Each structure stands twice: as structure tokens, then as C-alpha cells.
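Listed below, chain by chain, are the residues.
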Amino acid sequence: MRLDILLARAASRLVDAGSPSARLDAEVLLCHVLGVDRTWLYTWGDREPGIVEQARFEALVAARAAGQPVAYLTGEREFWGLPLFTGPSTLIPRPDTETLVTTALARMSARRGRVLDLGTGTGAVALALASERPDWHAVGIDLNPEAVTLAMRNAERLGIVNVGFLVGDWFAAIDETGFDMIVANPPYLADDDPHLALGDVRFEPRGALVAGDRGLADLYHLVDASRNRLVPDGWLLLEHGADQGAAMREALRAKGYRDVISERDLAGHERVSLGRWTGGRR
Ligand code: GLN
């Protein structure tokens, strides 16, 4: 069967299955199987794939129709322009999280420094910061060893050398203090968030999504615990849910951070709150 017809059929099957991005999903899956880019597909739509390729594609389309995230089927997702390996052990990097990167970059001083990314997952945030600021060193930590393996493979594939990854429960794996900046995209959904029953989120690790105290438990812990690890005037930046900005600003101020503000994501939601550790008595 011609590629353009195969693609049209797959897209219509994914529309029927309720995919919000059916045509794109079909194209990305076909590119993955054929090892080509989308421009190639548009140019060579009249070609026919091999039997094995067609069967592999159809299996992927069936898995997608059953709800599996495209990023897990291809094992890849782009973040901050970096192609990243992804897998079911990590959250799929999201465009929302680019707000965390932009906000962090704006506060990384011109001189060299050290940044810690807690709950790094695929390494997305640590790798984005390290790639933009080769003079800084980034450390990414994740509780899940599979995530850390993935993050290390991402660093290696991208040739980013000013980054290291460790397995650990937040700060438990390191003695180090004196970070110039700490960033995190921790779990922040409440356990009854209806969003958990929809789309790709259903297949992502719950431990990366859900936290106690209506989603605030890990965020609060990080506000508290980061104080021991930051240099005076060092920044803490936390991604959070759209309705958690006020709680985060209050928590940061109450724990002695100053210059506290929240930044909005592309959809206009408060997404990242930050403050500067004063270095005073705790
Ligand atoms: N923003 C994500 C979502 O809405 C949640 C990510 C997280 O908990 N860190 O699916």
C-alpha cells in the first residue's frame, strides 16, 4: 500500500480512537518506523513500505489507538529543541516545563555556577540548562534508577558533558551544599485530579505526578529542604499546578526567601514560583 494511503487510513483510525492529534501521531509513528523525517514522507507518499515496516507501523497505530503515548511508542520526545529518549519510567517532557527553563536561564548569573535539578526524569531540565550554559555545571537527581539511566543516555547522545546524574530521594544522595540554583518539576497533582484519567497521563508513572496534601507535599518539602543546600542569594525555582501559585509564594516567604514571584506558562497559568534564599537563620 502507498505510504500516503497508509497514513490517511491510520490517521482516520486514530481520529475514531479519539486522539486529539491523529494525523501528526500517524506521521510521527511512520517516520519512526521508516527512519525518515516528515518532509521525506510528504515527498515520497507514492512509495510503498516493506511488509515488515507496514506491520510494525500498524502495530504502533493499534497501540496508539489503545491510548499509549506516542513518546513511549517511539521512545523519544523533543524538549527545548533537544531530542530526548523517553520511557514509561519517566514523565514525558512537556512544553509547560520550558517556562521553568526560561525562568531559570534568566537568573543564571554570568559567572559560572552549579545548578541542581531534583526529580530530573529524562534529564530534560538539567540538559536544557547545561546546553545553554556550558560554563555552569548541572546535577540531576531522580528516585528512579531507570530514569537516571535514561537521563545519562540523553546526555551522552547529545554530547552534553557539564551535567551529571544520580539516583536519590531528593537530596539524600548528596552531601553537597552551595548550589547557586535549585530547580524542580516535582509531582504536584492531587490524587483525585480528573486529569489523571485522561490521555497520555494515564500511562505515566503516578509517583512523578501525584503528591500528598492536595499535590503540595513535595513542593513544600523542597521549599524547606533547599535552604540547607543553596548559597546565600541562590535561587529556588519550582514548577507547580495552575492553582498553586499563591500557596507557593506564601510558603517561600514564610521560609525566608525573598524576591518571591510566580511566572506564567504559554497558556497564561501561573506555572513556576521562585525566590532567593536569604542565607539567614533557619
Ligand atoms: N503538568 C503535569 C500535568 O498536568 C503534571 C506534572 C507534574 O506533576 N510535575 O500532567
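Residues numbered from 1 in each chain as written. Predicted model: local features only at pLDDT ≥ 70, side-chain atom pairs only at ≥ 80, totals over all residues. Heavy atoms only, no water.

### Quick notes on the overall build of the protein
A tally of regular secondary structure across the protein gives 10 helices and nine strands. For 282 residues, the compact-globule estimate of 2.2 N^0.38 gives 19 Å, and the C-alpha radius of gyration of the protein, at 21 Å, lies within 12% of that figure. Considering the protein as a whole, with its 282 residues, one finds that 50% of them fall into the buried category. Long-range pairs, those at least 24 residues apart, make up 66% of the contacts in the protein between residues at least 6 apart in sequence. As displayed, the protein offers around 13,100 Å² of accessible surface, 52% of which is attributable to carbon and sulfur atoms. On the protein, the mean spot of the 31 positive side-chain charges and the mean spot of the 39 negative ones are 3 Å from each other. (Helix = DSSP H or I, 4+ residues; strand = E, 2+ residues; numbered from the N terminus. Rg over C-alpha atoms; globule rule 2.2 N^0.38 Å. Buried < 20%, exposed > 50% of the residue type's maximum accessible area, 1.4 Å probe, protein only. Contact = heavy atoms within 4.5 Å. Areas by Shrake-Rupley, 256 points an atom, 1.4 Å probe, with all protein chains shown as cover. Lys, Arg positive; Asp, Glu negative; His and termini not counted. Charge placed at Lys NZ, Arg CZ, Asp CG, Glu CD.)

### Quick word on helix α6 (residues 98-105)
Among all positions in α6, only T99, L100, V101, T103 and A104 are buried. In this structure, the buried side of α6 is in contact with β1 (76-79), α7 (124-132), β6 (179-184), β7 (230-239), β8 (257-264) and β9 (270-277).

### With respect to the pattern of salt bridges
Applying the stated criterion across every chain, the model contains 20 salt bridges. Across the pair R271 and D96 runs a salt bridge whose closest N-O atoms are separated by 4.0 Å. A residue pair is termed long-range when its members are at least 10 positions apart, and R271 in strand β9 and D96 in the loop between β2 (82-85) and α6 qualify at 175 residues. One salt bridge connects D224 with R227, and the closest N-O pair in it is separated by 2.5 Å. Residue R227 is classed as buried on the basis of its relative accessible area of 11%. Each of the salt bridges in this network shares a partner with another, and the network as a whole consists of D233, R258, D259 and R276. (Salt bridge = Lys/Arg side-chain N within 4 Å of Asp/Glu carboxyl O.)

### Quick look at the nonpolar core
Counting residues in hydrophobic clusters, the biggest one holds 30 residues, and the most contacted among them are L116, L118, F171, I182, L236, L238 and Y257. Looking at this core, the elements that each hand over two or more residues are β3 (114-118), β4 (137-142), β6, α9 (217-225), β7, α10 (245-254) and β8. When residues of this core are assigned to their parent elements, the largest contribution, four residues, is made by α9. (Core = buried A, V, L, I, M, F, W, Y, C linked by side-chain atoms within 4.5 Å.)

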